[in-house]
Each structure stands twice: as C-alpha cells, then as structure tokens.
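Survey of secondary and tertiary structure
The residues making up each chain are set out below.
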Amino acid sequence: MAETRTEPVVVIGLGRFGSALALELVNRGTEVLGIDHRPKVVQALSGQLPHVITADSTDIEALRQLGVAEFHRAVVAIGTDIQASILTTSLLAELGIPDIWAKAISAQHSNILTRVGARHVVAPEHDMGERVAHLLSGRILDYVEVDADFAVIKTTPPRDIVGVPLRESRLRSKWGVTVVAVKPQAAPPGGKPRTFTYATPDSVLAYGDLILVVGTIDNVERFATTD
C-alpha cells in the first residue's frame, strides 16, 4: 500500500493549543516545525517534537532563515499577544505562504487576522463553549458544526419515529432533518459489536438506538428536544 504523504506544517506559538496541535500532527505522520519565543517552552517540547526552535516570529528575517517561506501551510497559534499574532500572520502572508491558519480570541481579532492574510481563523475557546452548550441541550450526545448554519448531531430517536420505516417518519417535512446513519442498541446476531451503518428509507429505529442527524443548526436542535 502506498504511503500517505502530507504537506509539512509550521506551527508558531506553542502554548496549550499550539503544542497540542503540533503533537497531534506529528502523531499523524505530518512533519512539523514548531516555533516559540520562549526557550523554556521549546526545551520542554524538544523531546516530543522532532523540529522545535526558539525564534521571534515577528522578525521576518528570522522566519526566512528558518526556511518558513518554503512551507505551504502555517498555523499561528499565538495566544493572548494579539499584536504578535497579527504581525506574524501578516509576515507569513508577505512570505507567500498560501494556506495560513490563525487562532483568534475575539471577533475583532478574527476580522483583523482575515484582513492581513489568514485563510482560516479558529477560535478554540469560543467554539468549545458553543459545542458544550449544544451538548447540554436536549438529547444531543455529540455535535459537529460543519458550516455557519449546518450541523451533524449524534442523538437518540424521539418516540414519533420509533417503530416505523424512516420513509414514513416525515422527518424532512416535520423537522427539516435527515437521518444518515444508525447504530442499533441491540447487538446483531452473533454478538458482534454494534457499529454505525447507513440509514435507508426502510430503516426502522428503536428506543436507545444512536442516530446521526444532519440539518440546519436550528432544525437539528429542535429535533433533539422533541420527546
């Protein structure tokens, strides 16, 4: 089988978010160059990241000397130092890096990062807060927002759609959602582990089954609060 190759990534800012990201990328087989201006942080990660360097990311010459301009993907994971975050992002754009990801701590910060060259902006604390809020409502067991107004949830079926084929459940007309996969509560014959399988119009749900449901955020939340 051919080996899967991924583009190397430079991760700038090795706090909790940046270091966790860098380590996970390395674990997945991606080559990572980690950069942070704090020697103690770099020293602590030197045994875990193959390539980790102490440098000032707001100095474009330092970035050039480290070969950062040769990367196609970069992550600016700098935390509370907004000025350094913005300047680093703008320097990466100046170096011609096409795919820049940047961490934001506010909506205003996010807007500025986008203007100076970030292609993707993430807000880990805000996103996690939203996710937990969704998980605390109704029967939602897991929640993934895949677009500004679209989500996938893992939940259990309400009584209205239990015991009838999905084609008869009026999911689209009543809730505006679609069940795409089902994991039965009861183990199949032979005692094999339960797994998710694609839902079909003939699928019949039972109480306690796990289902994956897709739709707009408002619709999946409304569906998940139905008894």
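Right above here is the structure, for reference.
A brief report on the enclosed structure follows. (Residues numbered from 1 in each chain as written. Predicted model: local features only at pLDDT ≥ 70, side-chain atom pairs only at ≥ 80, totals over all residues. Heavy atoms only, no water.)

1. Remarks on the pairing of strand β2 (residues 32-36)
Our working rule: Here the term buried applies to any residue with accessible area under 20% of the maximum for its type, exposed to any over 50%, and partly exposed to those in between, with areas from a 1.4 Å probe on protein chains only. The secondary structure listing takes helices from DSSP runs of H or I that are at least 4 residues long and strands from runs of E that are at least 2 residues long, numbered from the N terminus. With strands facing away from the observer, any crossover in which the path from the first strand over the helix to the second runs clockwise is taken as right-handed. Between any two strands, pairing holds if DSSP finds at least two bridges.
The element β2 is extensively covered by neighbouring structure, given that 5 of its 5 residues are classed as buried. Judged by which residues are buried, β2 turns out to be covered on both faces: Val32, Gly34 and Asp36 on one side and Leu33 and Ile35 on the other are all buried. Following the chain from strand β1 (residues 9-12) across helix α1 (residues 16-27) to the adjacent parallel β2, one finds a crossover that is right-handed. Where β2 meets strand β3 (residues 51-54), 4 bridges bridge the pair, whose relative direction is parallel. Following the sheet pairing, glycine 34 is matched in β3 by valine 52.

2. Looking at a nonpolar patch on the surface
Definition in use: Each patch is built from residues lacking any salt bridge and having more than 30% relative accessible area; the joining distance is 9 Å for like charges and 5 Å for nonpolar side chains (Val, Leu, Ile, Met, Phe, Trp, Tyr). Values of accessible area rely on a 1.4 Å probe in the Shrake-Rupley scheme; residue burial ignores everything except the protein chains shown. Basic side-chain nitrogens of Lys or Arg form a salt bridge, by our definition, when they fall within 4 Å of a carboxyl oxygen of Asp or Glu.
Taken together, the side chains of Met128, Val132 and Leu136 define a hydrophobic patch exposed on the protein surface, amounting to about 310 Å² of accessible area. Classification of leucine 136 by relative accessible area gives exposed; the value is 71%.

3. Some points on the pattern of salt bridges
On inspection of all chains with the given rule, the structure shows 5 salt bridges. Arginine 64 is the partner of glutamate 61 in a salt bridge, and the nearest nitrogen-oxygen pair spans 2.8 Å. Of the two residues, glutamate 61 and arginine 64 are both situated in helix α3 (residues 60-65); the distance of 3 residues between them amounts to about one turn of the helix. Between lysine 174 and aspartate 160 there is a salt bridge; the shortest N-O distance is 2.7 Å. Separated by 14 residues along the polypeptide, lysine 174 in helix α7 (residues 171-174) and aspartate 160 in the loop between β8 (150-155) and α7 bring together distant segments of the chain.

4. A look at the nonpolar core
Defined as follows: We define the nonpolar core as a collection of buried residues of types Ala, Val, Leu, Ile, Met, Phe, Trp, Tyr and Cys that are connected through side-chain atoms lying within 4.5 Å of one another. Two residues form a contact once any of their heavy atoms are found within 4.5 Å.
Ranked by internal contacts, the top residues of the largest apolar core, which has 23 residues, are Val10, Ile12, Ile35, Leu63, Val68 and Leu92. By residue number, the principal contributor to this core is helix α4 (residues 82-94), which donates 4 residues. Excluding residues that lie within four positions of it along the chain, isoleucine 35 makes contacts with Val10, Val11, Ile12, Gly13, Leu14, Ile53, Ala55, Leu66 and Val68.

5. Topic: the sheet that holds strand β11 (residues 210-216)
Heads up, the rule is: Every axis corresponds to a line fitted to the C-alpha atoms, with the helix fit spanning only the stretch in contact, and the corresponding angles, defined between N-to-C directions, vary from 0 to 180 degrees.
Here we have 5 strands laid out as an open sheet, ordered β7-β8-β11-β9-β10, and antiparallel in their pairing. Edge positions in the open sheet fall to β7 (142-147) and β10 (197-198), since each of these has one partner strand only. In this sheet, β11 lies alongside strand β9 (residues 178-183) in antiparallel orientation, the contact comprising 5 bridges. Across the sheet, residue valine 179 finds its bridge partner in β11, namely valine 213. This element, helix α8 (residues 217-224), spans β7, β8 and β11 of the sheet and lies at about 145° to β11.

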